[in-house]
Amino acid sequence: MRALYGAWSGYDDDDRMGGFLKGIFHDRRDYDPHTFTSVLPKAIQYLFLEDENDDYTGYGRPEWTDFVEQVIGKQQEGVGKSLSRLLVTKRNNATIRERYLPPELILKSRFPGQSIELLDAGCSAGIGIRAIERGQGSTGKIDDQTDDQISKQLKDVHLRVSGGVGIDLENLENQLAWVVACSLHFNEVDKLGFRRLFKWLDSQEKSNIGVRQANILDRDLVVESGSSLPGYHLEYASFDAAMILTSLFQMNDSDVVRALGNLRRATKPGGLVIAQDFFGLEESGKIDRDTPKIPLKDLGIEDPRFIVRYRDIYGGHAYRTLLLELDHEQRFSRAMEVFVLDGGKCHQILPGTDYQSFLESAANM
Ligand SMILES: C[S@@+](CC[C@H](N)C(=O)[O-])C[C@H]1O[C@@H](n2cnc3c(N)ncnc32)[C@H](O)[C@@H]1O
């Protein structure tokens, strides 16, 4: 991937590259340069995979330079046209099964042996919530750095997911090749096997969890039961736990608060909302003046801390699991930073600031 970015950046002052980028930004107003850079390798990977060609996994800078030449040389046809089309129309729909281990551990601690209904917002193709349903979130391969090795302790605890719903802004069940291209790094295509992951995604018909298109920001998304609005909507206070993983960072602060509000409304009193993202909980004294932050009091929680966005998402340990508890009147009552992960791929799990409080509260349930 580094070789691709190296080749690409060699064209910074090239007019043809300028024209290519201008065309994309003109056609897609919601794109910022960051979104563009994150979707670029995924779109390129998709083109190669669609062609059943995995040569690109071994490309160095000269090969990528040839590729960039093809893209910007003929922008109205061939690979240039296909790449522009993807960059103008597609989102980052990456989904990583390992990311669902930390929420699964929280659910196992809080609902051991109980039957629960789950909601996953921003679920992509539903791979993660269905992995939790099958008890496959805990692969045992994660490097568990918690003192008590929580993943080992909870390995045999049974979680009974009786049903649930995954929602995503897009209907991705018919776009699995795109989801796979988004989810693997170039060097993982050989290791994990494109076809294996594709097959796994494609064989989920036995699940009790329905995946459908819906916007978590929609003001009318969560409705009282009995309301005659089937299909799209979520029933008020109907889930034991609601999750949102790696999706909030794509939203502005007021939308983050709105999304969490909808998750809360969909969750039963006494239930849990799990937000795992490039966000942590920090006290004001530790926060840089320019760091984007949301006061927990904006969520109605009596805690002087803030939900802080970590800008350097590739910097390591920025990706974290936050737990928001609901009281018996369905208000947010407490926020905890339970886990810190080594990155969005979750190879390693470490205790978050409130890990001990989390264990204590789980023991008192
Ligand atoms: C990076 S993917 C994360 C997928 C999965 N949760 C994971 O962590 O592996 C983010 C997903 O959030 C979805 N998304 C973004 N905004 C959304 C919204 N307002 N409502 C529902 N889904 C949204 C995107 O379409 C995308 O599939």
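On a predicted model such as this, the values are computed, not experimentally measured, just so you know. (Residues numbered from 1 in each chain as written. Predicted model: local features only at pLDDT ≥ 70, side-chain atom pairs only at ≥ 80, totals over all residues.)

1. Some points on the domain arrangement of the chain
(1) Moving on: Per the domain assignment, the segments of the chain are domain 1 (2-89) and domain 2 (97-363).
(2) Moving on: Put simply, the middle of domain 1 and the middle of domain 2, counted by C-alpha atoms, are 31 Å apart.
(3) Moving on: Across the boundary between the two partners, domain 1 contributes 9 residues, which contact 9 residues of domain 2.
(4) Moving on: For the side of domain 1 that touches domain 2, the residue count by class is 4 nonpolar, 2 polar and 3 charged. (Domains from an automatic or database assignment. Contact = placed C-beta atoms within 7 Å. Nonpolar A, V, L, I, M, F, W, Y, C, P; charged D, E, K, R; others polar.)

2. Some thoughts on the sheet that holds strand S4 (residues 209-213)
By way of backbone hydrogen bonds, the strands of a sheet pair with one another, either parallel or antiparallel.
(1) Moving on: Read across the sheet, 9 strands follow the order S2-S14-S13-S12-S8-S7-S1-S3-S4 without closing on themselves; strand pairing throughout is mixed. Lying at the two open borders of the sheet, with one neighbouring strand each, are strand S2 (143-144) and S4.
(2) Moving on: Pairing geometry for strand S8 (residues 267-277) and strand S12 (residues 319-326), over 6 bridges, is antiparallel. What sits directly across from valine 273, in S12, is leucine 324.
(3) Moving on: Seen against the sheet, helix H6 (residues 101-110) touches strand S1 (115-121), strand S7 (239-245), S8, S12, strand S13 (332-341) and strand S14 (348-351) and runs at an angle of roughly 155 degrees to S8.
(4) Moving on: Of the strands in this sheet, S1, S7, S8, S12 and S13 are in contact with helix H11 (residues 253-266), which crosses S8 at around 145 degrees. (Pairing = 2+ DSSP bridges. Helix = DSSP H or I, 4+ residues; strand = E, 2+ residues; numbered from the N terminus. Axes fitted to C-alpha atoms, helices over the stretch in contact; angles between N-to-C directions.)

3. Some points on the sheet that holds strand S11 (residues 306-309)
(1) Moving on: As summarised here, the arrangement of the 3 strands in space is S9-S11-S10, forming an open sheet in which the pairing is antiparallel. The open sheet terminates on both sides in strands that have one partner only, identified here as strand S9 (279-282) and strand S10 (293-295). Recorded for the sheet is a direction-independent mean angle of 25 degrees between the axes of neighbouring strands.
(2) Moving on: Relative to S11, S9 is paired through 4 bridges, and the arrangement is antiparallel. Across the sheet, the residue bridging to phenylalanine 279 is arginine 309, located in S11.

4. Overview of the pairing of S14
(1) Moving on: Bridge analysis of S2 against S14 gives 2 bridges, and the strand direction is parallel. If you follow aspartate 143 over to S14, its bridge partner there is glutamine 348.
(2) Moving on: Pairing of S13 with S14 involves 3 bridges; the strand directions are antiparallel. Of the residues in S14, the one forming a bridge with leucine 341 is isoleucine 349.

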